[in-house]
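# A structural walkthrough
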Amino acid sequence: MNHKVKKVLRAMLLVLAMTLMYSINVPAATKVQASIGKKGYATLEKALAAVQDGQTITLKQDITLKQALVFNKNAKYAFNMNKHTITSKAPEKSNTGDLDIQAGSVTVTNGTLKGSVYAHRDATLTIKNGTYKQIHNQGRTTINNGKVISEDSTIFNWEGKMVINKVAAKSECCCVCVEGGTVIINGGSYTHTDPNSISPLILVESGRAFLKNGTYRAEDSNAVLNQYGSVTIYGGTYIGSDRSWELVYNHSSMKVKGGSFIKYNRGVALYCASQSKTVVTGGTLEGKYAAIDVEIGREKLLVRGSTLKAESVGIYCENTKSRVTLDKSKTKIEAPVDILEYTL
């Protein structure tokens, strides 16, 4: 009996020894949050600290942020969200994004960010695709594709340069806010998540905006509102319903060189406010009452080489029309009256 017990004990000890040896040689797997090439990192922060020029950080799982992720490596690299979702619960701070791009050249792609990305003055940001809540720029940002959806305004240019090649922007407020710098829109679609929103789709507070293409569908607001900046429209499709009066509203300096502007059921395609300077040399402007409405005190309106359509009048002038120049030889007017002056 004692001999059998000894044999069992020896067998058990042998199994235990083999188990310990295996445990020493094959360590337990560590959960990897991100990788660079074949090397895994326990946290995305560690990957950001290790990344070098030309490399790609690949996210390996959905994550929740308690503080902003800082991208401050002075290198050119990519961040592939790899079809995962980043949810931000970080406290909001002014001039800070949940993905805070402070330096270098970073390409962000292929995932969902339930938060904001912010490119600072010394940074270059490229959005290749993916879904985002907000995009902010102070440096150089290019949006090649993707979606930006928010109950707040979605895309902001504070300074620097932003190029939007293609995006689907949906907002309860403004889709694009130009607060300074230069914004070039080459395409994309811009709509409100709430059809009752009274915020303009494109708001230019300051700086310069060049609208070359895209589709802008406004329900109860302006498609474009230029407050104190400079806007040049080369093309695109601008559509308004019967709720607002003006489809495009100019307070400052604007040139219309092309595009299709259609204001259904009510109002005008282009409104030139007091102190505004507006030059129209192309495009088709179609309004219900008038194609263009000109307020008292505007500094200049020159219309040459476009098509104006309306049920009543091509250009409606409040008070004198002495500062309105209409070149009828180059402008096609499809309205009962070319220009009508209303004297107060």
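The following refers to the structure shown. Predicted, not measured: the structure shown is a model, and the values here were computed from it. (Residues numbered from 1 in each chain as written. Predicted model: local features only at pLDDT ≥ 70, side-chain atom pairs only at ≥ 80, totals over all residues. Heavy atoms only, no water.)

## A look at the pairing of strand 7 (residues 85-88)
Burial of strand 7 is one-sided: the residues Ile86 and Ser88 facing one way are buried, the residues Thr85 and Thr87 facing the other way are not. Direction of pairing for strand 4 (residues 63-65) relative to strand 7: parallel, over a ladder of three bridges. Paired with isoleucine 63 across the two strands is isoleucine 86, which belongs to strand 7. (Buried < 20%, exposed > 50% of the residue type's maximum accessible area, 1.4 Å probe, protein only. Helix = DSSP H or I, 4+ residues; strand = E, 2+ residues; numbered from the N terminus. Pairing = 2+ DSSP bridges.)

## Regarding the packing of aromatic side chains
The final tally for this structure, using the stated rule, is eight aromatic pairs. Judged by centre distance (4.9 Å) and plane angle (5 degrees), the ring pair of tyrosine 190 and tyrosine 216 falls under stacked. Here tyrosine 216 lies in strand 23 (residues 215-218) and tyrosine 190 lies in strand 20 (residues 189-192), a separation of 26 residues in the sequence. In this pair, the class of tyrosine 190 matches that of tyrosine 216, namely buried. Each ring, one from tryptophan 245 and one from tyrosine 289, has its centre 6.5 Å from the other, and the planes form 35 degrees; the classification is tilted. Placement of the pair is tryptophan 245 in the loop between strand 26 (237-240) and strand 27 (246-250) and tyrosine 289 in the loop between strand 32 (284-286) and strand 33 (290-294), with a sequence separation of 44 residues. Its relative accessible area of 29% is what places tryptophan 245 among the partly exposed residues. What makes tyrosine 289 partly exposed here is its relative accessible area of 28%. (Phe/Tyr/Trp six-rings, centres within 6.5 Å; stacked < 30°, edge-to-face > 60°.)

## So, the side chain of asparagine 222
Counting through the fold element by element, asparagine 222 comes out in the loop between strand 23 and strand 24 (224-226). Taking relative accessible area as the criterion, asparagine 222 reaches 10% and is therefore assigned buried. Within polar-contact distance, the side chain of asparagine 222 engages the backbone oxygen of glutamate 246 at 2.8 Å. For asparagine 222, the residues in contact, after removing those within four places along its chain, are Ser199, Pro200, Leu201, Glu246, Leu247 and Tyr249. (Polar contact = N/O pair within 3.5 Å; in protein donor to acceptor, adjacent residues only side chain to side chain. Contact = heavy atoms within 4.5 Å.)

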